[in-house]
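So you can see what is in the structure, the chains are spelled out below.
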Amino acid sequence: MDAILEKAYQRALKQPHKQFVKSNQIATLINSVCRCEGSKAPIRYLISAMLAKIVDSNIDTRQPYPKLGDRSFAGRTIDEGTVQRFIHQYQLPCNDTTAFLTPAFRTIETAITKSTFEKCRPAYVYRDMMDILDYVELHPNVAKDILIQVLADLLLVKHETETRVSQLVEGISSSRELALSSEEITTLLQLHLKCKGSSRLPVLMVAAAYQAVQHLTQETNKPLFSHNAADSQTGAIGDVEITLQGDDNTITCYEMKKKKVSTDDIYVCVEKILKQQQKPDNYIFITTECIDEDVKELASSFYNKIDVEITVLDCIGFINHFLHFFHRYRTSFLDHYQQLVLDEPTSAVSQPLKEAFLSLRRVAELREN
């Protein structure tokens, strides 16, 4: 399958603007799936299904679970074993993780139909995917052309995205004459947080703060785990873990909440801390919502009991104080945050959210001038 995928990619790379599928309707549906920002799982599913169909024309691309019988195929095995490595190698605009971990696919093990995805959003992309799969079952020989078409469309999307981002970054660089003030940066971050799908951003803000001043504090954040990685899988006890440079022991943990922190959250946090052989000095909740006084009091009450200070802080307030405290490094913070945003997989920070930050920053800096 690796050889089939590589050969299809090379054909798409030579002529990314060519329509490889004879049916204009199917070509339009493929383009729709590849350009959907709301859900990218159907892209990886199509690639996996077409590979399976090319290898064995008798399989049904709508039966991705081996237990379904003779016409089924091992969808997740193909996705994780072949497609994932390929996508990472060529940095294609797809999910970093398998389609079979998304809610659309992980809760079912029956043949898929349009009704399977009735509650999935956006609904149209799953309907388009199913129309393509139905077409393949009527015309098995088109699987190879559909695979090439998917890859060609992804290459075009990638090129267009890179061009837009490059232009936005250049616009920021050319417009900067006077650094934004701490308050203006705070306002910029507030606007970014108000955008749709911004739950990952507080993690990046805290990480950027430490990266901006690590040469002063000798503290740095550990590599960030994927936004959907469970603590039980990673061994992490927080979303951002801070260490002293040259020391792997976590001294401060941050846990981000895009909701109110509850008393239950505090008790769960204490349980996690007590399970650690090496306890952190601080465990800090960062929230974008209001903070109840009883929650703050409960958190602070554990210091004398477990020798770890637990507290709850407002996200924007925390960053605003940081920017004023390290005023000379506020632009460094903003540059680090921008890079972290751009480097995040689109499954964590969508492409529109990345471009929204660049546009907001450019407008803010133009206004300053």
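Before any of the text, the structure's been laid out above.
The residue numbering used here restarts from 1 in each chain and proceeds along that chain's sequence as written. For a predicted model such as this one, the threshold for reporting local features is a pLDDT of at least 70, and the threshold for listing and counting side-chain atom pairs is 80 or more; totals across whole chains, interfaces and linings nevertheless cover every residue. Hydrogens and waters are ignored; side-chain quantities use all the structure's heavy atoms.

Draft legend 1. The arrangement of the sheet that holds strand β1 (residues 219–221) in detail. As summarised here, the arrangement of the five strands in space is β1-β2-β3-β4-β5, forming an open sheet in which the pairing is mixed. Two strands in the sheet have a free side with no partner beyond their single neighbour: β1 and β5 (309–314). Averaged over all pairs of adjacent strands, the angle between strand axes in this sheet comes to 20 degrees, irrespective of strand direction. When DSSP finds two or more bridges between two strands, those strands count as paired. Only DSSP runs of H or I with at least four residues qualify as helices, and only runs of E with at least two residues qualify as strands; both kinds are numbered from the N terminus onward. Bridge analysis of strand β2 (residues 240–244) against strand β3 (residues 250–257) gives four bridges, and the strand direction is antiparallel. In the strand pairing of β3, Glu-241 is matched with Cys-253. Structural elements are reduced to axes, namely lines fitted to C-alpha atoms, with helices fitted over the stretch in contact, and the angle between N-to-C directions of any two is expressed from 0 to 180 degrees.

Draft legend 2. The arrangement of the nonpolar core in detail. With 56 residues, the main nonpolar core has Ile-47, Leu-92, Phe-105, Met-129, Ile-146 and Leu-151 as its most contacted residues. Going through the elements one at a time, α1 (2–14), α2 (24–35), α3 (41–55), α4 (75–90), α5 (103–106), α6 (123–138) and α7 (143–175) are the ones with two or more residues in this core. We call two residues in contact whenever any of their non-hydrogen atoms come within 4.5 Å of each other. Not counting residues within four places of it along the chain, the set of residues in contact with Ile-146 comprises Val-21, Ile-26, Ile-30, Met-50, Ile-132, Tyr-135 and Val-136. In terms of nonpolar packing, the next biggest core, distinct from the first, is built from 44 residues, Val-165, Ile-172, Val-341 and Val-349 among them. We define the nonpolar core as a collection of buried residues of types Ala, Val, Leu, Ile, Met, Phe, Trp, Tyr and Cys that are connected through side-chain atoms lying within 4.5 Å of one another. To sort residues, take the accessible area from a 1.4 Å probe on protein chains only and compare it with the maximum for the residue type: under 20% means buried, over 50% means exposed, and anything in between is partly exposed.

Draft legend 3. Expanded view of the side chain of Thr-102. Take Thr-102: it is sitting in the loop between α4 and α5. By the criterion applied in these results, polar contacts are pairs of N or O atoms within 3.5 Å in which, for protein atoms, one can donate a hydrogen and the other can accept it, and in which residues neighboring in sequence qualify only through two side-chain atoms. From its side chain, Thr-102 meets the backbone oxygen of Ala-99 in a polar contact 2.6 Å long. Among residues more than four places away in sequence, those in contact with Thr-102 are Ala-41 and Asn-95.

Draft legend 4. View of the packing of helix α9 (residues 201–217) against helix α14 (residues 315–325). Where α9 contacts α14, the axes come no closer than 11 Å and their chain directions differ by 15 degrees. Taken as axis vectors, α9 and α14 run roughly parallel relative to one another. α14 is crossed by α9, and the crossing has left-handed handedness. Residue-level inspection shows Pro-202, Met-205, Val-206, Ala-209, Ala-212 and Val-213 of α9 in contact with α14, the latter providing Cys-315, Phe-318, Ile-319 and Phe-322. The nonpolar class holds Ala, Val, Leu, Ile, Met, Phe, Trp, Tyr, Cys and Pro. Asp, Glu, Lys and Arg form the charged class, and all remaining residues, Gly among them, are polar. Of the residues that constitute the contact of α9 with α14, the class distribution is 10 nonpolar, no polar and no charged. Under this scheme an angle from 65 to 115 degrees is roughly perpendicular, one under 35 degrees roughly parallel, and one over 145 degrees roughly antiparallel; angles in between are oblique. Two helices that cross are described as forming a left-handed crossing if the nearer one is turned anticlockwise from the farther one by less than a right angle, and a right-handed crossing if clockwise.

Draft legend 5. Broad picture of the pattern of salt bridges. Within this document, salt bridges are pairs made up of a side-chain nitrogen of Lys or Arg and a carboxyl oxygen of Asp or Glu, the two lying within 4 Å of each other. Scanning all chains against the criterion turns up 20 salt bridges. A salt bridge links Asp-60 to Arg-62; its shortest N-O distance comes to 2.9 Å. By relative accessible area, which is 23% here, Arg-62 ends up partly exposed. Notably, a salt bridge pairs Glu-137 with Arg-71, separated by 3.4 Å at the nearest N-O pair. One end of the pair, Glu-137, is in helix α6; the other, Arg-71, is in the loop between α3 and α4, and 66 residues separate them in sequence. Take Glu-137: its relative accessible area is 15%, and that puts it in the buried class. Each of Lys-53, Asp-60, Arg-62, Arg-71, Asp-134 and Glu-137 takes part in one network of salt bridges that share partners.

Draft legend 6. Quick look at α2. Between its first and last C-alpha atoms α2 spans 16 Å; for 12 residues at 1.5 Å apiece the expected length is 16 Å, and the two agree. Of all the residues in α2, the buried ones are Ile-26, Ala-27, Leu-29, Ile-30, Ser-32, Val-33 and Cys-34. For a helix, the expected span equals 1.5 Å multiplied by the residue count minus one.

Draft legend 7. Structural context of the packing of aromatic side chains. Stacked, tilted and edge-to-face are the three classes applied to pairs of Phe, Tyr and Trp rings, where Trp contributes its six-membered ring and a pair requires centres within 6.5 Å; stacked means planes under 30 degrees apart, edge-to-face means over 60, and tilted covers the rest. Tallied over the entire structure, the rule returns 19 aromatic pairs. Measuring from ring centre to ring centre gives 5.9 Å for Tyr-45 and Phe-100, while their planes differ by 45 degrees; the resulting arrangement is tilted. Residue Tyr-45 is located in helix α3, and its partner Phe-100 is located in the loop between α4 and α5; the two are separated by 55 residues in the primary sequence. For the pair formed by Tyr-45 and Phe-100, the shared burial category is buried. Here the aromatic rings of Phe-117 and Tyr-126 are separated by 5.0 Å at their centres, their planes lie at 20 degrees, and the arrangement is stacked. Phe-117 sits in the buried class, given a relative accessible area of 3%. We classify Tyr-126 as buried; its relative accessible area is 5%. Three or more aromatic residues joined by ring pairs form one cluster here, namely Tyr-45, Tyr-65, Phe-73, Phe-100, Phe-105, Phe-117 and Tyr-126. In this analysis the charged atom, NZ for Lys or CZ for Arg, is taken to sit over a ring once it is within 6 Å of the ring centre and within 35 degrees of the ring normal. The cationic tip of Lys-305 hangs over the ring face of Phe-302; the distance from NZ or CZ to the ring centre is 5.0 Å.

Draft legend 8. Representation of unusual backbone geometry within the structure. Of note, the amide linkage connecting Arg-121 to Pro-122 takes the cis form, showing an omega dihedral of -5 degrees. Located in the positive-phi region is Gln-91, a residue other than glycine, with phi close to 50 degrees. Along the chain, Gln-91 turns up in the loop between α4 and α5. The backbone of Gln-218 shows a phi angle near 60 degrees, a positive value even though the residue is not glycine. Of note, Gln-218 is situated in the loop between α9 and β1.

From the geometry alone we can't say anything about function, so treat these as descriptive.
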